[in-house]
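What follows is each chain in one-letter form.
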Amino acid sequence: MKPRNRLFCMILSCMLLLCGCGTKQTGPTIARTEFPEKTQRILQPIEGDTQFFDFTTDASVTAAAVTVRYCQDGTWQEPEALLELSDIQPGDYHLILRWMNDRVDAFIVEDGASYSNTYLLAPEWLEAFNASVTASTVGFGSEKPIVAGEEIPLWCHYGSNTEEISAQSSDYSTSDCDTGLVIAITFS
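Thresholds, definitions, all that
Residues numbered from 1 in each chain as written. Predicted model: local features only at pLDDT ≥ 70, side-chain atom pairs only at ≥ 80, totals over all residues. Heavy atoms only, no water. Salt bridge = Lys/Arg side-chain N within 4 Å of Asp/Glu carboxyl O. Buried < 20%, exposed > 50% of the residue type's maximum accessible area, 1.4 Å probe, protein only. Phe/Tyr/Trp six-rings, centres within 6.5 Å; stacked < 30°, edge-to-face > 60°. Helix = DSSP H or I, 4+ residues; strand = E, 2+ residues; numbered from the N terminus. Lys NZ or Arg CZ within 6 Å of the ring centre and 35° of its normal. Pairing = 2+ DSSP bridges. Core = buried A, V, L, I, M, F, W, Y, C linked by side-chain atoms within 4.5 Å. Contact = heavy atoms within 4.5 Å. pLDDT = per-residue confidence, 0-100. Polar contact = N/O pair within 3.5 Å; in protein donor to acceptor, adjacent residues only side chain to side chain.

1. A word on the pattern of salt bridges
Argument step 1. Counting across every chain of the model gives 3 salt bridges.
Argument step 2. A salt bridge links Arg98 to Asp105, with the shortest nitrogen-to-oxygen separation between them at 2.9 Å.
Argument step 3. Judged by relative accessible area, which is 9%, Arg98 ranks as buried.
Argument step 4. When its relative accessible area of 0% is taken as the criterion, Asp105 is described as buried.
Argument step 5. Overlapping salt bridges, with partners in common, bring together Arg98, Arg103 and Asp105 in one network.

And the structure:
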């Protein structure tokens, strides 16, 4: 891991631990991280390109895969791996996603241990997305139960070559976009 990414991950880990984020639910769940107001002000400069999530696992969850899926010319491609964890133990985890220029970074933090990976976006897709006339971003909604094998879209970006883009949702498969990017997680 690069020193800059390590420092970023360590700072965010400390902030997540200090703010005591997340709520205890029964069964495995994933939710957006709820930060106190003071922490939200500190994160405001990076929040637009960074998303934070908390997930809790039990013995039914043993692995997690964060994936990237492209839409090119209105067709969604198969997912590509961004970060995969196996041998997950029951517990509380934090997931941080960051989109910077031509890459997406993923960090998973658990009890002081962190795992990260960087995914370089395909230049031809990035060029098509940036050339879109209109764009729309949809974030993760409310807390969701974790169901083994079920893909959970976390961050969806849609682009259209027309003047308007219809209301989009996290159900990317029904979107009418020309270009798009979905970052999702699947537990097993």
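Continuing now.
2. Notes on the packing of aromatic side chains
Argument step 1. Taken as a whole and assessed by the stated rule, the structure comprises 11 aromatic pairs.
Argument step 2. Taking the centre distance of 6.1 Å and the plane angle of 40 degrees together, the rings of Trp99 and Trp125 count as tilted. In this pair, Trp99 sits in strand β6 (residues 91-100) while Trp125 sits in helix α3 (residues 123-130), placing the two residues 26 residues apart along the sequence.
Argument step 3. Given the relative accessible area of 11%, Trp99 is considered buried.
Argument step 4. Grouped by ring-pair contacts, the aromatic residues Tyr70, Trp99, Tyr119, Trp125 and Phe129 constitute a single cluster.
Argument step 5. Positioned above the aromatic ring of Phe140 is the side chain of Lys144, whose terminal nitrogen or guanidinium carbon lies 4.6 Å from the ring centre.

3. Observations concerning the sheet that holds β6
Argument step 1. Here 6 strands make up an open sheet; going across it, the order is β8-β7-β6-β2-β1-β10 and the pairing antiparallel. Each having just a single partner strand, β8 (113-120) and β10 (144-145) make up the two edges of the open sheet.
Argument step 2. Both strand β1 (residues 29-32) and strand β2 (residues 50-57) contribute to a ladder of 4 bridges, which runs antiparallel. Across the sheet, the residue bridging to Arg32 is Phe53, located in β2.

4. Considering the nonpolar core
Argument step 1. Ile30, Leu97 and Ile185 are the most contacted members of the largest nonpolar core, which totals 34 residues.
Argument step 2. Those elements that provide at least two residues to this core are β2, β3 (63-72), β5 (80-86), β6, β7 (103-110), α3, β11 (151-160) and β12 (179-187).
Argument step 3. When neighbours within four sequence positions are excluded, Leu97 is seen to be in contact with Asp49, Thr50, Gln51, Phe53, Val66, Leu82, Asp105, Ala106, Leu154, Trp155 and Ile183.
Argument step 4. Counting 9 residues, the second largest nonpolar core, distinct from the first, contains Trp76, Cys177, Val182 and Ala184.

5. Some words on the environment of Ser175
Argument step 1. When you line up the elements, Ser175 lands in the loop between β11 and β12.
Argument step 2. C-alpha of Ser175 to C-alpha of Cys71: the two residues are 104 residues apart in sequence and 10.0 Å apart in space.

6. Brief notes about the confidence of the model for the protein
Argument step 1. Per-residue confidence for the protein gives a mean pLDDT of 84, with 83% of residues at or over 70.
Argument step 2. Here residues 16-25 scores under 50 on pLDDT; set against residues more than four positions off or in separate chains, the count is 16 contacts.

7. Details of the side chain of Arg103
Argument step 1. Secondary-structure assignment places Arg103 in strand β7.
Argument step 2. A relative accessible area of 15% means that Arg103 is categorised as buried.
Argument step 3. Among the polar contacts listed, one links the side chain of Arg103 to the side chain of Asp105, at a separation of 3.0 Å.

8. Some remarks on unusual backbone geometry
Argument step 1. Despite not being glycine, Asp73 has its phi angle at roughly 55 degrees, a positive value.
Argument step 2. Within the element layout of this structure, Asp73 appears in the loop between β3 and β4 (75-76).
Argument step 3. Here Asp87, not a glycine, exhibits a phi torsion of approximately 60 degrees, which is positive.
Argument step 4. Within the secondary structure, Asp87 sits in the loop between β5 and β6.
Argument step 5. Judged by its relative accessible area of 61%, Asp87 is exposed.

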